[in-house]
Number of protein chains: 2
Amino acid sequence: MNIGQASEQTGVSAKMIRYYESIGLLPSAARRANGYRDYSDQDVAVLQFVRRTRDLGFSLEEVATLLALWSDKKRPSRQVKRLAETHIADLERRMREMRAVMKTLRQLAQHCHGDERSDCPILDDLAKPRAASAKKARRHQVRS
Amino acid sequence: MNIGQASEQTGVSAKMIRYYESIGLLPSAARRANGYRDYSDQDVAVLQFVRRTRDLGFSLEEVATLLALWSDKKRPSRQVKRLAETHIADLERRMREMRAVMKTLRQLAQHCHGDERSDCPILDDLAKPRAASAKKARRHQVRS
DNA sequence: CCTGCACCTTCCCACAATGGGAAGGTCAAC
DNA sequence: GTTGACCTTCCCATTGTGGGAAGGTGCAGG
């Protein structure tokens, strides 16, 4: 199967499939005589696994770990569960932060007339130094 | 005031202050005879504005817009409110997505023994093709 | 006066994960 | 044969941030 078919069947773009291979997340694909990559149903299954874990917001590094655990038939399920729970905790933390930010934003928006008048409590408030407590983090974003 | 002091007073790193200036988000800072950037209390206020809007998850592009609205004393407050509400809607969308993902993850984790046994419903499930419906988006992340 | 240290300057590199696109080879259908 | 849909590799851009090098400055203590 060509990369295009594999991409279509998994929803992972051809570009990304090549990229995943280049960074070692996936093993080097088999090649046809013409140099085209050749994918088996097995390979497609792996790509689907990657796709799904990515959709669940795991970083490529975490995906790599999950792939390793997946292929290691003897690893204790505890390891997998721990990874999932760490990820859940991370999502929870970020959601708490977002909730706090939204609360602030809603309050700001509420007090703004939002009409032709130029006075705007939103901007007035943004200019005040007392911070919104949210800081650093980034990384890991749920693909929407 | 040197860039270090300005950074300390605003919580914006010196690196970022220079970067914001380089991309035109901030006007070129005044310079001392020795070439050092020189910041006034006014400048510090602007940096605090930027810091706060960043903390609320606005992109640098949105920050630029807010800065422009801020300095335009005659703009209708409607414009500002619209921007804030768009941002709120965006956050709401992302939170919905995250909630869906967390629900899936919690279900997966729940069914996993998480002990010495090697069978793991999490991995089994990830290997199944039916997607988690979450896709694309990225950009905009609340700084935690 | 010299030395050291803390600060400033600019410049380049890296990151995560993805898309865009150029330049060129291949294959199948017509 | 030519056309068009593939495939290949390479390089570049994105967003926002940090790291670090190489060099200038300014002040304090000896």
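Check the entry above for the structure.
The notes below deal with the structure included here. (Residues numbered from 1 in each chain as written. Chains lettered and ligands numbered in written order. Predicted model: local features only at pLDDT ≥ 70, side-chain atom pairs only at ≥ 80, totals over all residues. Heavy atoms only, no water.)

Attention shifts here to the overall build of chain A. Helix and strand counts for chain A come out as six helices and two strands. Mapped from its N terminus to its C terminus, chain A presents α and β elements in the order α-α-β-β-α-α-α-α. Here the contacts in chain A between residues at least 6 apart in sequence split such that 52% fall between residues at least 24 apart. Looking at chain A as shown, the accessible area adds up to about 7700 Å², and 50% of this sits on carbon and sulfur atoms. (Helix = DSSP H or I, 4+ residues; strand = E, 2+ residues; numbered from the N terminus. Contact = heavy atoms within 4.5 Å. Areas by Shrake-Rupley, 256 points an atom, 1.4 Å probe, with all protein chains shown as cover.)

Turning our eyes to something else, we now look at the nonpolar core. The tendency in soluble globular proteins is for nonpolar side chains to be buried as a group. A:Leu123 and B:Leu123 are the most contacted members of the largest nonpolar core, which totals 75 residues. Those residues in contact with A:Leu123 that sit more than four places away from it in its chain are B:Phe49, B:Leu66, B:Leu69, B:Trp70, B:Arg75 and B:Val80. (Core = buried A, V, L, I, M, F, W, Y, C linked by side-chain atoms within 4.5 Å. Buried < 20%, exposed > 50% of the residue type's maximum accessible area, 1.4 Å probe, protein only.)

Moving on, we come to the packing of helix α4 (residues 60–71) of chain A against helix α5 (residues 77–110) of chain A. Residue and element names in this part refer to chain A. The interhelical angle for the contact between α4 and α5, taken along N-to-C directions, is 160°, at an axis separation of 10 Å. Accordingly, the angle class assigned to the pair α4 and α5 is roughly antiparallel. α5 is crossed by α4, and the crossing has left-handed handedness. Facing α4, whose interface residues are Glu 62, Thr 65, Leu 66 and Leu 69, α5 presents Gln 79, Val 80, Leu 83 and His 87. Residue composition of the contact of α4 with α5, grouped by class: four nonpolar, three polar and one charged. (Axes fitted to C-alpha atoms, helices over the stretch in contact; angles between N-to-C directions. Parallel < 35°, antiparallel > 145°, perpendicular 65-115°, else oblique. Left-handed = near helix turned anticlockwise from the far one by under 90°. Nonpolar A, V, L, I, M, F, W, Y, C, P; charged D, E, K, R; others polar.)

Looking now at a positive patch on the surface. On the surface, a cluster of positive charge is made up of A:Arg96, A:Arg99, B:Arg96 and B:Arg99. Secondary structure elements with two or more residues in the positive patch: α5 of chain A together with α5 (77–110) of chain B. Its place among the elements puts A:Arg99 in helix α5. Using a relative accessible area of 44% as the deciding quantity, one classes A:Arg99 as partly exposed. (Patch = residues over 30% accessible without salt bridge, like charges linked within 9 Å, V, L, I, M, F, W, Y side chains within 5 Å. Salt bridge = Lys/Arg side-chain N within 4 Å of Asp/Glu carboxyl O. Lys, Arg positive; Asp, Glu negative; His and termini not counted. Charge placed at Lys NZ, Arg CZ, Asp CG, Glu CD.)

Further remarks concern helix α3 (residues 41–55) of chain A. Taking 1.5 Å per residue, 15 residues should reach 21 Å; α3(A) reaches 21 Å between its end C-alpha atoms and fits that length. Of the positions making up α3(A), those classed as buried are A:Val44, A:Leu47, A:Gln48, A:Phe49, A:Val50, A:Arg51, A:Arg52, A:Thr53, A:Arg54 and A:Asp55. Where the residues of α3(A) are buried, they touch α1 (3–10), α2 (14–22) and α4 of chain A together with α5 and α6 (121–126) of chain B. Following α3(A) by one or two positions, A:Gly57 adopts a phi angle in the positive range, close to 90°. (Expected span 1.5 Å × (residues − 1).)

On to the environment of A:Pro121. All names here are of chain A. You can see Pro 121 is positioned in helix α6 (residues 121–126). Taking C-alpha positions, Pro 121 is 8.1 Å from Ala 109, a pair spaced twelve residues apart along the chain. Discounting residues that sit within four places of it in the chain, Pro 121 has contacts with Leu 108, His 111 and Cys 112.

On to the packing of aromatic side chains. All names here are of chain A. In total, this model carries four aromatic pairs over all chains according to the counting rule given. On the numbers, 6.2 Å between centres and 50° between planes, the contact of Tyr 19 with Tyr 20 is tilted. Residue Tyr 19 is classed as partly exposed on the basis of its relative accessible area, which comes to 38%. (Phe/Tyr/Trp six-rings, centres within 6.5 Å; stacked < 30°, edge-to-face > 60°.)

All names here are of chain B. Of all the positions in helix α2 (residues 14–22), only Ala 14, Ile 17, Tyr 20 and Glu 21 are classed as buried. Seen along its axis, α2 keeps its buried residues to an arc of 125°; they face one direction. Turned more than 90 degrees off the buried face of α2, the exposed positions are Lys 15 and Ser 22. Tucked inside the fold, the buried residues of α2 contact α1 (3–10), β1 (30–31), β2 (37–38), α3 (41–55) and α4 (60–71). Immediately beyond the C-terminal end of α2, within one or two residues, lies Gly 24, with a positive phi of roughly 85°. (Arc of directions from axis to C-beta.)

All names here are of chain A. Inspection of the secondary structure puts Ala 6 in helix α1. Look at Ala 6 and you get buried, because its relative accessible area is 0%. Taking the C-alpha atoms as reference points, Ala 6 and Asp 41, separated by 35 residues in sequence, lie 8.7 Å from one another. Those residues in contact with Ala 6 that sit more than four places away from it in its chain are Met 1, Ile 17, Tyr 39, Val 44 and Leu 47.

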